[in-house]
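So the chains spell out like this:
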Amino acid sequence: MTGYDAWRIATERDVAFADFLTVASAGAGESGAFRLGDGFGVLVLARDPSGDDACVFLSAAVDGVRTCGTHPSRPNVCRVYPMALRDGAIVLRADVVCGDRDWNMAAIDRPAWHAEIARYASDWATYERVVAAWNANGGVDADAFMGYVRSVYDSGFAFRL
Ligand code: SF4
């Protein structure tokens, strides 16, 4: 998750970051890793403990189908799934759980995938600057980091870093 992903979901749904995010431990040099008091973490979507541990936004099944409960504001990582950019070409990621038959590569709108992946890369670049500013000042805890991210995107400051 980038900070912009989190901010977009929180503002569009009028919810707190902590309502849908959690922190996974991360290595110091990992992309998006922010400093905490006792290590580093990255923002990830929370899982629903009352269900099957799926994403907190995944709906209950209706006629056997489960859908995204935040589809219009879903994170970039979900928007580009299951594609990746390799040597300038859109390719199916190697680690997808669903099978090749679930994706008709011949029918993929490749310019649209390029645009989504380019936006994702741009959002990551901005978020890396947000995280670097936080890390330079020393970490506190996850709640403080979420508050910091919310404030720098609320104010537009993130885009001027
Ligand atoms: S697409 Fe929606 S339900 Fe699926 S992981 Fe992303 S936010 Fe969660």
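Attention here is on the structure that accompanies the text.

**Section: the nonpolar core**
Here's step 1: Core analysis: the largest hydrophobic core is formed by 23 residues, its most contacted members being F17, Y127 and F145.
Here's step 2: For this core, the elements supplying multiple residues, two or more each, are α1 (3–13), β2 (34–36), α3 (110–136) and α4 (142–154).
Here's step 3: It is α4 that provides the largest number of residues to this core, a total of six residues.
Here's step 4: Listed in part, the nine residues of the second largest apolar core include V80, I90, L92 and I117.

**Remarks on the site of the ligand**
Here's step 1: In the region of the ligand, the neighbouring residues are L45, C55, F57, L58, C68, T70, P75 and C78.
Here's step 2: Here the ligand occupies the largest pocket.
Here's step 3: Residue composition of the shell around the ligand, grouped by class: seven nonpolar, one polar and no charged.

**Comments concerning the packing of aromatic side chains**
Here's step 1: Throughout the structure, instances matching the rule amount to ten aromatic pairs.
Here's step 2: Where W124 meets Y127, the ring centres are 5.6 Å apart and the plane angle is 55 degrees; that geometry is what we call tilted. Taken together, the residues span about one helical turn, with W124 and Y127 both in helix α3 at a distance of three residues.
Here's step 3: An aromatic cluster is present here, built from F34, W134, F145 and Y148 joined pairwise through their rings.

**Details of the pairing of strand β5 (residues 89–92)**
Here's step 1: For strand β4 (residues 83–86) and β5, the ladder comprises four bridges, and the chain directions are antiparallel. Residue pairing across strands places A84 opposite V91, the latter belonging to β5.
Here's step 2: Connecting β4 to the antiparallel partner β5 that follows it, the hairpin turn spans two residues, and D87 within it adopts a positive phi of roughly 55 degrees.

**Digging into the sheet that holds strand β1 (residues 21–26)**
Backbone-to-backbone hydrogen bonds pair the strands of a sheet. The strands run either parallel or antiparallel.
Here's step 1: If you trace the three strands from one edge of the open sheet to the other, you get β1-β3-β2, paired in antiparallel fashion. With one partner strand each, in any of the chains shown, β1 and β2 form the two edges of the open sheet. When the angles between neighbouring strand axes are averaged without regard to direction, this sheet yields 50 degrees.
Here's step 2: Bridge count for β2 against strand β3 (residues 39–45) is three bridges, and the pairing is antiparallel. Counted as the bridge partner of R35 is F40 from β3.
Here's step 3: Helix-sheet contacts for α3 involve β2 and β3, and the interaxial angle to β2 is about 30 degrees.
Here's step 4: Running over the sheet, α4 touches β1, β2 and β3 and is turned about 115 degrees from β1.

**Considerations on the layout of surface pockets**
Here's step 1: Taken as a whole, the largest pocket encloses approximately 790 Å³ of empty space.
Here's step 2: Forming the boundary of the largest pocket are 27 residues, of which L45, C55, V77, C78 and Y81 lie nearest the centre.
Here's step 3: Split by residue class, the lining of the largest pocket holds 17 nonpolar, three polar and seven charged.

**Remarks on α4**
Here's step 1: A rise of 1.5 Å per residue sets the reference length of α4, with its 13 residues, at 18 Å; its end C-alpha atoms lie 18 Å apart and thus fit the reference within 8%.
Here's step 2: Taken as a whole, α4 has its buried residues at F145, M146, Y148, V149, V152 and Y153. The buried side chains of α4 occupy one side of the element, clustering within an arc of 160 degrees when seen end-on.
Here's step 3: Packed against the buried residues of α4 are α1, β1, β2, β3 and α3.

Reading the values: the criteria
Residues numbered from 1 in each chain as written. Predicted model: local features only at pLDDT ≥ 70, side-chain atom pairs only at ≥ 80, totals over all residues. Heavy atoms only, no water. Core = buried A, V, L, I, M, F, W, Y, C linked by side-chain atoms within 4.5 Å. Buried < 20%, exposed > 50% of the residue type's maximum accessible area, 1.4 Å probe, protein only. Helix = DSSP H or I, 4+ residues; strand = E, 2+ residues; numbered from the N terminus. Near = heavy atom within 4 Å. 1 Å grid on protein atoms, 1.4 Å probe; cavity = no way out; pocket = protein on both sides within 12 Å on 5 of 7 lines; lining within 4 Å. Sits in = over half its atoms within 2 Å of the grid points. Nonpolar A, V, L, I, M, F, W, Y, C, P; charged D, E, K, R; others polar. Phe/Tyr/Trp six-rings, centres within 6.5 Å; stacked < 30°, edge-to-face > 60°. Pairing = 2+ DSSP bridges. Axes fitted to C-alpha atoms, helices over the stretch in contact; angles between N-to-C directions. Contact = heavy atoms within 4.5 Å. Points joined across faces, edges and corners; volume = space filled by probe spheres on them. Expected span 1.5 Å × (residues − 1). Arc of directions from axis to C-beta.

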